[in-house]
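Listed below, chain by chain, are the residues.
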Amino acid sequence: RASMLEARDLLAESLNSRSKSTKSAKRTEKLRIYFILSKNVTTKRGPKNIYTRITRPDQLLLTKSADDLFQFEDVKIPYSAMREVVYEGEELPVAIFWDNTNEPQLMEGTYTVDIFADGNIIGETSFELK
């Protein structure tokens, strides 16, 4: 448990075509999930895959491919976006993007974002689109 990574200062925001923050569902072209991996000297250092799951207000998961799966507990579950980082035990700012340009328009409502690393959920946040 002590070696588990922790994401803090989570911020999920929607961006328009000029990469400016927007609250409008129909203007959203990208979602940016930003957080800081906390300092942890007991965590194994090296490359780590950080996975995000973005859930729409109707509880559907945003995904690009049915093959985008990762191990969580005893099952493989789908993810929305993934990024590999090199973790050296120190604080590490991370941004992960969901590109919505070729996808159906996002719906209005509250979205939930869960962040995973090393088979554990390490943070969660939500944001709202109008």
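Note: the structure precedes this text.
Summarised in this report is the structure supplied together with it. (Residues numbered from 1 in each chain as written. Predicted model: local features only at pLDDT ≥ 70, side-chain atom pairs only at ≥ 80, totals over all residues. Heavy atoms only, no water.)

Our next topic: the sheet that holds strand S7 (residues 81–87). Sheets are built from strands that pair by backbone hydrogen bonding, the pairs being arranged parallel or antiparallel. Pairing in this open sheet of four strands is antiparallel, and the strands run S7-S4-S9-S10 from one edge to the other. Since the sheet does not close on itself, it has two edges, and those belong to S7 and strand S10 (120–129), each with one partner. Going across the sheet, the axis of each strand differs from the next one's by a mean of 25°, ignoring polarity. Relative to S7, strand S4 (residues 46–55) is paired through seven bridges, and the arrangement is antiparallel. By the bridge assignment for S7, Tyr51 is matched with Met82. (Pairing = 2+ DSSP bridges. Helix = DSSP H or I, 4+ residues; strand = E, 2+ residues; numbered from the N terminus. Axes fitted to C-alpha atoms, helices over the stretch in contact; angles between N-to-C directions.)

Taken as a whole and assessed by the stated rule, the structure comprises seven salt bridges. For the salt bridge of Arg8 with Glu91, the shortest nitrogen-to-oxygen distance reads 2.1 Å. Of this pair, Arg8 sits in strand S1 (residues 7–15) while Glu91 sits in the loop between S7 and strand S8 (92–99), and the two are 83 residues apart along the sequence. Taking the relative accessible area as the measure of exposure, Glu91 reaches 46% and is therefore partly exposed. (Salt bridge = Lys/Arg side-chain N within 4 Å of Asp/Glu carboxyl O. Buried < 20%, exposed > 50% of the residue type's maximum accessible area, 1.4 Å probe, protein only.)

Using the criterion set out here, one finds six aromatic pairs in the structure. Here Phe72 and Phe116 contribute two aromatic rings whose centre-to-centre distance is 5.0 Å and whose plane-to-plane angle is 75°, an arrangement assigned as edge-to-face. Residue Phe72 is located in strand S5 (residues 69–72), and its partner Phe116 is located in strand S9 (residues 109–117); the two are separated by 44 residues in the primary sequence. On the basis of relative accessibility, which here comes to 17%, the residue Phe72 falls in the buried class. Overall, the relative accessible area of 4% leaves Phe116 in the buried class. Each ring, one from Tyr111 and one from Phe127, has its centre 5.1 Å from the other, and the planes form 10°; the classification is stacked. (Phe/Tyr/Trp six-rings, centres within 6.5 Å; stacked < 30°, edge-to-face > 60°.)

Without other data, these values stay purely geometric and don't point to any function.
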